[in-house]
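So the chains spell out like this:
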Amino acid sequence: MKKSLVALAALAVAGVASAQSSVTLFGVVDAAVSGYSNKSENRFGSATTSRTALTSSGYNSSRLGFRGTEDLGGGLAASFWLEAGINNDEGIGTATGGGLQFNRRSTVSLSGNFGEVRLGRDYTPTFWNDTVFDPFGTNGVGTNLISTASGKNTPGSFQNGFVANKNYSRASNSVGYFLPPNLGGFYGQVMYAFNEKDKYDPAALTPDAPDSQRAGRYIGGRVGYANGPLDVALAYGESTIGDDYFAGATTTQNTWNLGASYDFGVAKVFGEYSNNKVKTDWKNPADASGLSDPGANGWLLGATVPVGPGLIRASYSAVEYRNVVAPGLKDPEAYKFALGYVHNLSKRTALYTSVAYLRNKNGANLTVGGPDYAGDINGHSLTPKSSTGYDFGIRHSF
Amino acid sequence: MKKSLVALAALAVAGVASAQSSVTLFGVVDAAVSGYSNKSENRFGSATTSRTALTSSGYNSSRLGFRGTEDLGGGLAASFWLEAGINNDEGIGTATGGGLQFNRRSTVSLSGNFGEVRLGRDYTPTFWNDTVFDPFGTNGVGTNLISTASGKNTPGSFQNGFVANKNYSRASNSVGYFLPPNLGGFYGQVMYAFNEKDKYDPAALTPDAPDSQRAGRYIGGRVGYANGPLDVALAYGESTIGDDYFAGATTTQNTWNLGASYDFGVAKVFGEYSNNKVKTDWKNPADASGLSDPGANGWLLGATVPVGPGLIRASYSAVEYRNVVAPGLKDPEAYKFALGYVHNLSKRTALYTSVAYLRNKNGANLTVGGPDYAGDINGHSLTPKSSTGYDFGIRHSF
Amino acid sequence: MKKSLVALAALAVAGVASAQSSVTLFGVVDAAVSGYSNKSENRFGSATTSRTALTSSGYNSSRLGFRGTEDLGGGLAASFWLEAGINNDEGIGTATGGGLQFNRRSTVSLSGNFGEVRLGRDYTPTFWNDTVFDPFGTNGVGTNLISTASGKNTPGSFQNGFVANKNYSRASNSVGYFLPPNLGGFYGQVMYAFNEKDKYDPAALTPDAPDSQRAGRYIGGRVGYANGPLDVALAYGESTIGDDYFAGATTTQNTWNLGASYDFGVAKVFGEYSNNKVKTDWKNPADASGLSDPGANGWLLGATVPVGPGLIRASYSAVEYRNVVAPGLKDPEAYKFALGYVHNLSKRTALYTSVAYLRNKNGANLTVGGPDYAGDINGHSLTPKSSTGYDFGIRHSF
């Protein structure tokens, strides 16, 4: 349900006449009982870490939001959107310390025939394909491996201590532009997010980092075509992550991905391919290390099958790292299968369950959730092998 | 006032038809001028620490909440409840750093003829008797001593550095079940809150704590009978608090309490008895210390007397610690008398005042609020004696 | 738009009848692209630090609020106001850690023919003249220098490490009284904010600070007259800031200011004079240092000119410090010119741009925003000279 709080009171401010407008209060509260079991091995045997927990957002991300639109006349409209994520298992938000913040989206927009200009914190263009072409929508144990490996938790690689790409799914301080919706199925957007770093002139003033450091900046775009049963989209983005990686160099994570879905009626199929590469722009090329352009490829195949008021969901996804281990060694890989069922009690309320199995190769250490793999047992180091998990929960939206 | 924001907009999502639904925005803003004066003594004389302050929640706990229910048909309903506590004297919430969080309640429920299943953060069953059978509702200087001593601030005992029982009044990560309301006055609930601790197999993996540690878990229940003027209820709960107490042992705070009220019309009388005990399950019984099962008994007698649009409130409560000092010494005790008057200007708005006097014996150091007792004067140590305080404020709900 | 969520549901609580009431959800989302360039010099040359950023609140302060009023009959009313500031460029609030909190206002009030008594966190009386007689309303690069220098950032002086006056614009834990609105144009308010410090009897108990320390307290008032085109107001306040300044002394920042505006129709002109002085009440007058009563004078001249649906804004402001440097040296001074244009697309939505130029003299180091001045270059120290900046943004209110 979307609640439109229709304006009942006259405006106190004098001046230009105000058009009909509404503010909407909306949200999702999603809770599940979840279990995780993560197994690592060596030639002596195996060890398992496990956890059972009440979790949030197993099917849809829990949230509380406020949004509204004002018709300015002549096709123009202004709108705002403030949306806070909630960890409703504990009643906390996502700020440090647990406070609520509008981390999911915090924007003000001006839109018209030209499209929409949007300012604030919003999803990055490159995240959309990872989530809309995932039958599990990057939530719960079913979340696809592209998202798990490429940045939902840590970017590029878990293997080599790359800095976290805080702009993987969203970017603050951004200016976005969206094509208008009436282009015969074509859609598109671009985003530029300021790094808000200081510049120093002369560069000799620079306190700690080289003048060229631009960590925090994101620039990207996405174009797609949705018509009838088909939806296909291509995205590319560059996220500057490099202040902390190697001093003296600017490091960028470059990502492109292509996703598509086709609804056959009896089933809807999904596919995505993603590629990301971490590039370092060396001030002095002689400083470059042996590892060049580490990164990862990922892909996903998935399907959903409607069954009466329910929906069966399935996906198989993989991630294959590149250049993240010493030359001659095999790069890590991980594969995941997820299966789930959503039973809709209404449009707003659903019961759901998901199960997932993940297999690591060559030292990859991804999980479906829960505790870290055991690293050693009695001094004998272990290699991450497999991770399994389940969610069983309820999603209620309002 | 409860504001029902009736759905005025059609649903955007296609699919199953949605039933009539509403979302309610509600809250309380309660502010008071409060004063506290806490006196400690020795054979040379006495010393007093005092404070005057603007406080929140002297009559009812200040809060802002969002809740709603969706009729799913066939007697089924889904609902959510997100409620944040507010310290409105400073405009802050209860998160570390002062942010708002839904600390008071954060739940999603499915209910029907079978009762209600509720997931998230909620009151513990054992807290209810402490608050509903207290004429002061565990708010302000009148808060009963059972609550003050048993965990509103610190559990079991203030005397011996027991770890705080964070699950005294509420528990996160919980699954609750409530009996349906149509049982001829009988009501009841049970709750299980996950500790969300990791398990290690083999146990040799355990990083720091024994495999049996389950700190954070709560399990409890409550049954009662409310019919006409009578309300009586019994509750029992076990809260695992033990990671930090003695390494190698799991420590549980076990609480049971029995409360009742009877409304004679000219006056309503209240009574409660509470018992809590901190038990340690020693891995190696030889490690057990001399102090066995420290705890506390508490009791309350109270009354409210309606006077026109007002209500006189009075209570006498006590707490008697057990086994918290060395054998041979007398266990600490504390006694408290509270008197108050609430003047209702409407259903939503009231002026109120409360006064309270608390007396400590044998080294108990409870207060009605405000600063700590002075511990020494010119090097001569002092023993806490008495605490007095008042609230004078306004409660406005919406 | 102010949304009145009219009560549709009957009250659950029995008792006194409830009057017609409403709760309003309101807010502002204001975002801008802003740039800053701050230049410092020495005899060898100059250095510049600069930044481009997406910012919040360039025209009006971004916020989300809930407020309501209940008619209690007989002219009496109860009301509440909870208003959180938002940094919508990043989706965060103002709590430590980024959580939302009702930092802008958090009050409960009782009002009637006698006026209004208001409890909680609110604006100080002395802040009002600084903001209502500023054509830029103390937002964005155009913010007047009185506010910049006197406390919006740091009070009294930036030069000498004075402690921040946290009660410059607002005070927590306050009791306020407002004259009723029907006094023929006369208006007025007083505020007392508790310091909530502990008192010790005997004073020998005092743990660290002298018994007289009252840091955190604010006491002040404001009277004014608004009729037709004229608005003029005088305010005075004392803010105790002294715990940390010099041990053994209570330090108070005393501020008075006088502001006025007159609307000629074709233009509205603004003026303000402000004086603040930091006084230290020495326990032992012999401890007093050479610097006596440091402080600052500030003044502002401004104008707004309506142009169709737009508004041109301009201001010139200055701050002249007193007694903040060693005797014989010239006290720092700063001067600022700001010019802006607001284009109203509706009552709720506006595009705006502002530019500002600030010049420092005698070592003043104020900026219009952005990075700090460069302090030295290759070991040669620099003196802050000038700061320039711009905002270009959109303000949307709801």
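In the block above lies the structure referred to throughout.
Residues numbered from 1 in each chain as written. Chains lettered and ligands numbered in written order. Predicted model: local features only at pLDDT ≥ 70, side-chain atom pairs only at ≥ 80, totals over all residues. Heavy atoms only, no water.

Asker: Help me out: how do you make sense of the overall build of chain A in this one?
Answerer: Summing up its helical and strand segments, chain A has two helices and 21 strands in all. Counting across all 398 residues of chain A, residues that qualify as buried make up 56%. Intrachain contacts of chain A at a sequence separation of at least 6 include 59% that bridge at least 24 residues. A total of about 15,400 Å² of accessible surface is found on chain A, and carbon and sulfur atoms cover 55% of it. (Helix = DSSP H or I, 4+ residues; strand = E, 2+ residues; numbered from the N terminus. Buried < 20%, exposed > 50% of the residue type's maximum accessible area, 1.4 Å probe, protein only. Contact = heavy atoms within 4.5 Å. Areas by Shrake-Rupley, 256 points an atom, 1.4 Å probe, with all protein chains shown as cover.)

Asker: In this structure, what is going on with the relation of the copies chain C and chain A? I would like to understand it.
Answerer: One chain copy maps onto the other through a rotation about an axis and a shift parallel to that axis. Placing chain C over chain A gives an RMSD of 0.0 Å and needs a rotation angle of 120°, together with 0.0 Å of translation along the axis. The transformation relating the two chain copies, once decomposed into turn and shift, fits a three-fold axis. No C-alpha of chain C approaches the rotation axis more nearly than that of Gly 99 of chain C, which lies at 2.4 Å. (Least-squares fit on C-alpha atoms with pLDDT ≥ 70 in both.)

Asker: When you look at the relation of the copies chain C and chain B in this model, what are you seeing that I'm missing?
Answerer: If you rotate chain C by 120° and push it 0.0 Å along the axis, it lands on chain B with an RMSD of 0.0 Å. Comparing interface residues between copies, only 10% of those in chain C also sit at the interface in chain B, which points to a heterologous contact through distinct surfaces.

Asker: How should the interface of chain C and chain B be read in this particular structure?
Answerer: When the parts of a complex come together, some accessible area is lost, and that lost area is often taken as the interface size. Opposite the 50 residues of chain C that make contact, chain B presents 49 residues. Summed over both partners, the interface of chain C with chain B comes to about 4,000 Å²; 69% of that surface belongs to carbon and sulfur atoms. In this structure, Arg 51 of chain B engages Asp 198 of chain C in a salt bridge whose closest nitrogen and oxygen atoms are separated by 2.6 Å. The interface formed by chain C and chain B contains twelve residue pairs in polar contact (both at pLDDT 80 or more). Looking at the side of chain C that touches chain B, the elements that each hand over two or more residues are strand 2 (21–42), strand 4 (63–73), strand 5 (76–85), strand 6 (105–112), strand 7 (115–123), strand 8 (170–178) and strand 10 (199–201) of chain C. Here the side of chain C that touches chain B gets five residues from one element, more than from any other, and that element is strand 6 of chain C. Residue classes in the side of chain C that touches chain B are distributed as 27 nonpolar, 16 polar and seven charged. (Buried area = accessible area lost by both parts, 1.4 Å probe. Salt bridge = Lys/Arg side-chain N within 4 Å of Asp/Glu carboxyl O. Polar contact = N/O pair within 3.5 Å; in protein donor to acceptor, adjacent residues only side chain to side chain. Nonpolar A, V, L, I, M, F, W, Y, C, P; charged D, E, K, R; others polar.)

Asker: Any chance you could explain the pattern of salt bridges here in plain terms?
Answerer: Two side chains with opposite charge may pair up if their charged atoms get near one another. Going through the model one piece at a time under the given rule, you end up with 21 salt bridges over all chains. A salt bridge links Lys 279 of chain B to Asp 293 of chain B; the shortest N-O distance between them is 3.9 Å. Remark: Asp 293 of chain B occurs in the loop between strand 14 (268–282) and strand 15 (295–307) and Lys 279 of chain B occurs in strand 14; sequence separation between them is 14 residues. Note on Lys 279 of chain B: relative accessible area 36%, which makes it partly exposed. Among the ionic contacts, a cluster of salt bridges with common partners joins Arg 63, Glu 83 and Arg 104 of chain A.

Asker: How should I be thinking about the interface of chain C and chain A in this particular structure?
Answerer: Counting residues at the interface gives 48 residues for chain C, matched by 50 residues for chain A. Note on chain C versus chain A: buried area summed over both sides is about 4,000 Å², and carbon and sulfur give 69% of it. Summed over the shared surface of chain C and chain A, the result is one salt bridge. Taken together, the links from chain C to chain A amount to twelve residue pairs in polar contact (both at pLDDT 80 or more). Only strand 1 (3–6), strand 2, strand 3 (45–56), strand 4, strand 18 (349–361), strand 19 (376–377) and strand 21 (383–397) of chain C provide two or more residues apiece to the side of chain C that touches chain A. Residue contributions to the side of chain C that touches chain A peak at nine residues, all from strand 3 of chain C. When its residues are assigned to classes, the side of chain C that touches chain A shows 23 nonpolar, 17 polar and eight charged.

Asker: How do you make sense of the packing of aromatic side chains when you look at a structure like this?
Answerer: By convention here, two paired aromatic rings are described through the distance between centres and the angle between planes. Under the defined criterion, the tally for this structure stands at 39 aromatic pairs over all chains. With a centroid separation of 5.4 Å and 85° between ring planes, the pair formed by Phe 127 of chain A and Tyr 168 of chain A is classed as edge-to-face. With Phe 127 of chain A in helix 1 (residues 125–132) and Tyr 168 of chain A in the loop between helix 2 (145–152) and strand 8 (170–178), this residue pair connects regions lying 41 residues apart in the sequence. By the burial criterion, Phe 127 of chain A is buried, and Tyr 168 of chain A matches it. Relative to Phe 66 of chain C, the ring of Phe 66 of chain B has its centre 6.2 Å away and its plane inclined at 65°; by these criteria the two rings are edge-to-face. Pair noted here: Phe 66 of chain B is in strand 4 (residues 63–73) and Phe 66 of chain C is in strand 4, and the two residues belong to different chains. Overall, Phe 66 of chain C belongs to the buried group, its relative accessible area being 4%. One aromatic cluster in this structure is built from Phe 66 and Phe 102 of chain A, Phe 66 and Phe 102 of chain B together with Phe 66 and Phe 102 of chain C. Here the basic side chain of Arg 118 of chain B rests over the ring of Phe 178 of chain B, its NZ or CZ set 3.9 Å away from the ring centre. (Phe/Tyr/Trp six-rings, centres within 6.5 Å; stacked < 30°, edge-to-face > 60°. Lys NZ or Arg CZ within 6 Å of the ring centre and 35° of its normal.)

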